[in-house]
Amino acid sequence: MAAHPDTKIDCSKVYVKKSSFSNEQTGDFDGAFAFVPFQKGDLVEKGVMRRLPDGFDGNTCPYIFTWSEERPNKIWGMGSGCSPFFNTDREGKANTHMVRYYDEDRFEIFATRDIEKDEELTHTYVSLKWRTCFADINEIVHKDDP
Ligand SMILES: C[S@@+](CC[C@H](N)C(=O)[O-])C[C@H]1O[C@@H](n2cnc3c(N)ncnc32)[C@H](O)[C@@H]1O
């Protein structure tokens, strides 16, 4: 079924299930997957961001988004739809990219290459290299770096 033309949130082409990154060491966790094939440049999901209260420290919570370009970042956001479930991969390997419209508190996620149906979706977290709660996955994602 097509999404309503006025909707601000459309995650109808994405679904969430156990991540392909899960293994015996990590235990089970979830990830976002392609419900349909995408071509490079296609819109994968769009949605809205809700700002968290002043003083919230996103360094301790991996499920929320960096919502400014100021560093150190002080504004954090809660993303709609399947967006909180996208796992991460390194720059150049992630198959989607999130475009952030800070002034409008909304986002769009685009395919960075052709993506097969049922492939796990990833984007490179903008805070991957500096956010305290991502220290472990930053090492995992960049483990093959020279
Ligand atoms: C924004 S959440 C993604 C959704 C989360 N996997 C879940 O089940 O709710 C970020 C967390 O997912 C996990 N994660 C993300 N990318 C990963 C990766 N490439 N390898 C292992 N774990 C990853 C880490 O636990 C990270 O703190």
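Residues numbered from 1 in each chain as written. Predicted model: local features only at pLDDT ≥ 70, side-chain atom pairs only at ≥ 80, totals over all residues.

Re the UniProt feature "domain: SET" (unreviewed entry) in the protein chain
Filter applied, for reference: UniProt positions are given in the numbering used here, feature names are shortened, and annotations may be inferred rather than shown by experiment. A helix here means a DSSP run of H or I that spans at least four residues, while a strand means a run of E at least two residues long, and both kinds are numbered starting from the N terminus.
The UniProt record annotates "domain: SET" (unreviewed entry) at residues 12-126. Here residues 12-126 runs as 0% helix and 34% strand, with 24 Å between its end C-alpha atoms.

Concerning the sheet that holds strand E2 (residues 30-34)
As a reminder, the rule being used: DSSP calls a pair of strands paired once it identifies at least 2 bridges connecting them.
In space, the three strands of this open sheet follow the order E1-E2-E8, with antiparallel pairing throughout. Every interior strand has two partners, whereas the edge strands, strand E1 (14-18) and strand E8 (120-121), have only one. In terms of strand pairing, E2 meets E8 through two bridges, oriented antiparallel. When the sheet's bridge partners are listed, Phe 33 is paired in E8 with Glu 120.

Focus on the nonpolar core
This is how it is decided: Working definition: the nonpolar core is a set of buried Ala, Val, Leu, Ile, Met, Phe, Trp, Tyr and Cys residues, joined through C-beta atoms within 7 Å. Every C-beta atom is placed from the backbone, and the number of other C-beta atoms within 10 Å of a residue's own sets its class: buried at 20 or more, exposed at 12 or fewer, partly exposed in between. Contact between two residues is assigned whenever their backbone-derived C-beta positions fall within 7 Å.
The biggest cluster of nonpolar side chains holds 19 residues, and the ones touching the most others in it are Val 14, Ala 32, Phe 33, Ala 34, Val 44, Cys 82 and Leu 121. For this core, the secondary-structure elements that each account for two or more residues are E2, strand E3 (43-51) and strand E7 (106-111). Looking at this core element by element, the count peaks at three residues for E2. Apart from residues no more than four positions distant in its own chain, Cys 82 is found in contact with Cys 11, Val 14, Val 16, Ala 32 and Glu 45.

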